[in-house]
Every structure is written in C-alpha cells, then in structure tokens.
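Structure at a glance
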Amino acid sequence: MKDGTTIPTDGFAMLARDFHAIFLGALGDPRVPSNIHAKEILLGMRFKMDLYANVRPVKLLDESLCPLKGVKPQDVDFVVVRENTEGPYVDAGGVFKQGTADEVATQEDFNTRKGVERVIRFAFELARKQGRKKVLMSDKSNVMTYAGGLWQRVFKLVAAEFADIQSQHMYVDALCMHMARDPKQFDVIVTNNMFGDIITDLAAALQGGLGMAASGNIHPGKASMFEPVHGSAPPFAGKNIANPIGAILTAAMMLEHLGLAKEAERINHAVLEAVRQKKTTADVGGSLGTREAADWIGLALSRA
Ligand SMILES: NC(=O)c1ccc[n+]([C@@H]2O[C@H](COP(=O)([O-])OP(=O)(O)OC[C@H]3O[C@@H](n4cnc5c(N)ncnc54)[C@H](O)[C@@H]3O)[C@@H](O)[C@H]2O)c1
C-alpha cells in the first residue's frame with residue numbers, strides 16, 4: 001500500500017481462518033526499495049501461518065527439457081521437502097561496526113527439535129502416501145556439527161518409525177553432484193531451509209527450468225499456500241514471455257491437496273500434452289506467448 005504496509009496486521013490470521021488454501025503468484029517488484037513486500041508477504045505467510053513443509057516436486061515431462069544428455073522422463077521424478085520456518089531465514093543476527101573496516105555480520109541458523117522432527121516426519125509420510133520407497137536427508141553435518149547433529153539424530157529416530165521406507169543420508173555438496181550425474185537415484189529428499197532453497201533451483205533445471213517448477217507450503221490440517229518456485233522475473237515483465245506452466249502445475253498441486261485428485265490429474269495431463277506438442281513458451285521449446293500457452297492448456301482442459 002502507499003503507506004508502506006505490505007499486509008494488514010490481521011492479514012495472516014484472516015487467511016488462516018477463512019481459507020483452506022491460498023494460490024500465490026510470484027512476488028518481487030524492483031520498484032519497491034529493498035524488496036520488503038516480497039519478504040514480508042512470502043516469508044510472513046510461511047512463518048506466521050507456520051507452513052513448515054515446502055514441497056517441491058521435480059518431474060521431467062519430456063526428454064527435450066532436460067539439459068543432461070540421455071536422461072528420460074522416468075529418470076527425473078522425485079520430491080524435495082524443504083524445512084520452511086527455520087534456518088538462517090528467521091532473520092536473527094546483526095551487524096556491528098557497519099561500514100568500517102572492522103565490520104562484523106552474523107546470521108544465525110535456527111534448528112529446533114520440533115521443527116526438524118516435524119518436517120522429517122512429513123517427508124516419510126509423504127513417501128508412504130505417494131508410494132515412494134526412499135527418504136534421503138541432506139545436510140552439512142561434517143562441518144555444521146551442532147545443527148547437523150540434531151538433524152542426524154532426529155532423522156535416525158523418525159526413520160525407525162517407518163520400516164517400510166528406506167532411509168539414506170548425503171552431504172549437500174555430494175547431493176548436488178549426484179543430482180547432476182544421476183538424478184534417477186532420488187525419491188524423496190528432506191533438507192533444511194537454505195539447502196532446500198538452493199538445491200531446488202538445480203532440481204528445477206533438470207525439469208526444464210524455473211518456469212516448470214511448482215511448490216506447496218504445507219502444514220497438514222491448516223490453510224496451506226501454493227506458489228510457483230520462480231520469482232517475478234522482472235526482465236520478463238509485460239513482455240508476454242514468462243512460462244505459465246509452473247503456476248498451472250501449482251494449481252494442480254493445490255487441487256490435489258484439497259482432495260480433488262481427478263481434477264489435478266486433468267490439469268497435469270493437459271500440461272503434458274502442451275509440452276509434448278511444444279505449445280509452450282520459448283524457454284521450453286515452443287513459440288507461444290504466456291497468454292497463448294496458458295490458453296492452449298485451458299482449451300485442452302475444456303476438451304478433455
Ligand atoms: N516465491 C516468490 O515469490 C519468489 C521466489 C524467488 C524470487 N522472488 C523475487 O522475484 C524477483 C526476481 O528474483 P530472481 O530474478 O532471483 O528469480 P526469478 O525466479 O524471478 O528469475 C530467475 C530466472 O529464472 C527464470 N524464470 C523465472 N520465472 C520464469 C518463468 N515464469 N518462465 C521462464 N523462466 C523463468 C528466468 O531465466 C529468470 O531470469 C526478486 O524480487 C525476488 O525476491 C520471489
């Protein structure tokens with residue numbers, strides 16, 4: 001708003017109270033100093049509505065979209081569950097002697113037993129629900145020993161409750177290497193807020209780029225929020241070139257979450273057809289504009 005308010009004080013409580021799900025477009029307008037609106041609305045929703053599991057499916061719809069050679073759609077089909085309410089994103093820290101040669105900056109990495117345990121349990125439950133076989137926890141516990149130690153201990157405890165699901169661990173640097181060399185091995189990955197943020201951009205590249213990636217910010221039983229992984233891509237603004245598929249797949253994800261699995265499947269199918277027939281924007285091989293690409297999927301849906 002003109003007075004600098006990004007969202008009214010009771011805004012998050014109202015969203016949580018009055019809605020089952022929220023569908024959010026990308027935020028980030030370079031005309032707003034310090035990008036405060038994006039931070040306050042997006043992180044505000046995640047933190048204040050306690051949407052602790054950020055679920056990011058990574059699925060390759062067509063071989064042509066993957067930058068890796070010889071990788072087929074069945075080779076890229078996994079889900080990243082990113083912790084969404086803790087880590088360095090809680091905005092704890094400070095600067096001392098700012099602007100001097102002695103400046104010190106700290107950014108604290110918060111990991112609570114409750115936060116770690118609930119997101120790890122969520123990942124195992126998601127694996128079970130989706131008929132997946134493995135949950136891999138990724139951290140940097142060889143160096144970040146305190147936070148990593150907590151993740152390691154809790155992961156072992158929770159994994160023991162899910163005898164039907166295989167549990168694995170990989171340091172996050174090794175995970176990046178394996179994701180680029182052999183993405184087929186992954187099924188469900190659970191990790192902290194920052195590593196999840198980073199590895200899902202890499203993961204998005206495997207499925208055709210940020211324009212293809214969907215996500216949900218979930219707290220089971222509470223109002224959850226669904227958004228494409230990408231941001232507002234300011235250089236694309238007003239040019240009718242942004243890929244709408246990330247947002248459309250996000251809508252499907254939201255419907256599935258709301259119990260409308262058949263409707264979600266129809267949307268996923270229409271998107272798959274658009275990709276196969278190259279009725280898409282240029283980033284994924286087509287020649288349509290944003291509106292035309294979205295309209296094509298809409299028409300395919302109405303015909304189905
Ligand atoms: N969830 C969100 O709302 C969210 C997420 C990330 C960034 N942001 C904000 O968005 C703004 C821009 O951030 P950024 O440039 O780092 O990230 P971005 O995701 O907006 O863009 C990075 C790159 O990804 C590609 N891309 C993004 N969206 C695309 C689409 N729909 N179709 C095709 N390609 C697409 C483009 O190559 C683009 O240059 C910033 O203000 C940032 O804070 C918001």
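See the structure printed just above.
The text that follows walks through the structure, step by step, so that each part is easy to find.

Thresholds, definitions, all that
- Residues numbered from 1 in each chain as written.
- Predicted model: local features only at pLDDT ≥ 70, side-chain atom pairs only at ≥ 80, totals over all residues.
- Heavy atoms only, no water.
- Axes fitted to C-alpha atoms, helices over the stretch in contact; angles between N-to-C directions.
- Helix = DSSP H or I, 4+ residues; strand = E, 2+ residues; numbered from the N terminus.
- Parallel < 35°, antiparallel > 145°, perpendicular 65-115°, else oblique.
- Left-handed = near helix turned anticlockwise from the far one by under 90°.
- Contact = heavy atoms within 4.5 Å.
- Nonpolar A, V, L, I, M, F, W, Y, C, P; charged D, E, K, R; others polar.
- Core = buried A, V, L, I, M, F, W, Y, C linked by side-chain atoms within 4.5 Å.
- Buried < 20%, exposed > 50% of the residue type's maximum accessible area, 1.4 Å probe, protein only.
- 1 Å grid on protein atoms, 1.4 Å probe; cavity = no way out; pocket = protein on both sides within 12 Å on 5 of 7 lines; lining within 4 Å.
- Points joined across faces, edges and corners; volume = space filled by probe spheres on them.
- Near = heavy atom within 4 Å.
- Polar contact = N/O pair within 3.5 Å; in protein donor to acceptor, adjacent residues only side chain to side chain.
- Areas by Shrake-Rupley, 256 points an atom, 1.4 Å probe, with all protein chains shown as cover.
- Pairing = 2+ DSSP bridges.

With that settled, the discussion passes to the packing of helix H3 (residues 113–129) against helix H4 (residues 145–159). Taken N-terminus to C-terminus, the directions of H3 and H4 make an angle of 45°; their axes are 9 Å apart at the nearest point. In terms of axis orientation, H3 runs oblique to H4. The crossing of H3 and H4 is right-handed. For the pair formed by H3 and H4, the contact residues are Arg113, Val116, Glu117, Val119, Ile120, Arg121 and Phe124 on the first element and Leu150, Trp151, Val154, Phe155, Leu157, Val158 and Ala159 on the second. Here the contact of H3 with H4 is built from residues that sort into 11 nonpolar, no polar and three charged.

The next point concerns the nonpolar core. With 68 residues, the main nonpolar core has Phe78, Ile120 and Val190 as its most contacted residues. Leu15, Ile22, Leu24 and Ala223 belong to the second-largest nonpolar core, a separate cluster that totals 10 residues.

With that out of the way, let us pick up the layout of surface pockets. Of the pockets and cavities examined, the largest pocket occupies roughly 940 Å³. Along the walls of the largest pocket sit 31 residues, with Pro57, Gln130, Met253, Glu256 and Asn268 positioned nearest its centre. Elements represented by at least two residues in the lining of the largest pocket include exactly strand E2 (53–59), strand E3 (77–83), H3, strand E9 (214–218), helix H7 (245–257) and helix H8 (261–276). Looking at the lining of the largest pocket, its residues break down into 19 nonpolar, five polar and seven charged. The space that makes up the second largest pocket amounts to roughly 420 Å³. Around the second largest pocket, the lining comprises 27 residues; the ones closest to its centre are Ser232, Ala233, Phe236, Ala242 and Asn243.

Okay, the site of the ligand next. Of all residues adjacent to the ligand, which total 18 residues, the nearest are Leu27, Asn35, Gly231, Ala233 and Asn243. A distance of 2.7 Å separates an oxygen atom of the ligand from a polar atom in the side chain of Asn35. A distance of 2.7 Å separates an oxygen atom of the ligand from a polar atom in the backbone of Gly231. Compared with its free state, where it exposes 790 Å², the ligand has 66% of that area covered by protein.

The strand order across the open sheet built from eight strands is E1-E10-E9-E2-E3-E8-E6-E7, with neighbouring strands paired in mixed fashion. Looking at which strands have only one partner, the edges of the open sheet turn out to be strand E1 (21–23) and strand E7 (166–171). The average angle at which neighbouring strand axes cross in this sheet is 20°, direction not considered. Pairing geometry for strand E6 (residues 134–139) and strand E8 (residues 188–191), over four bridges, is parallel. Its bridge partner being in E8, Met137 is matched across the sheet by Val190.

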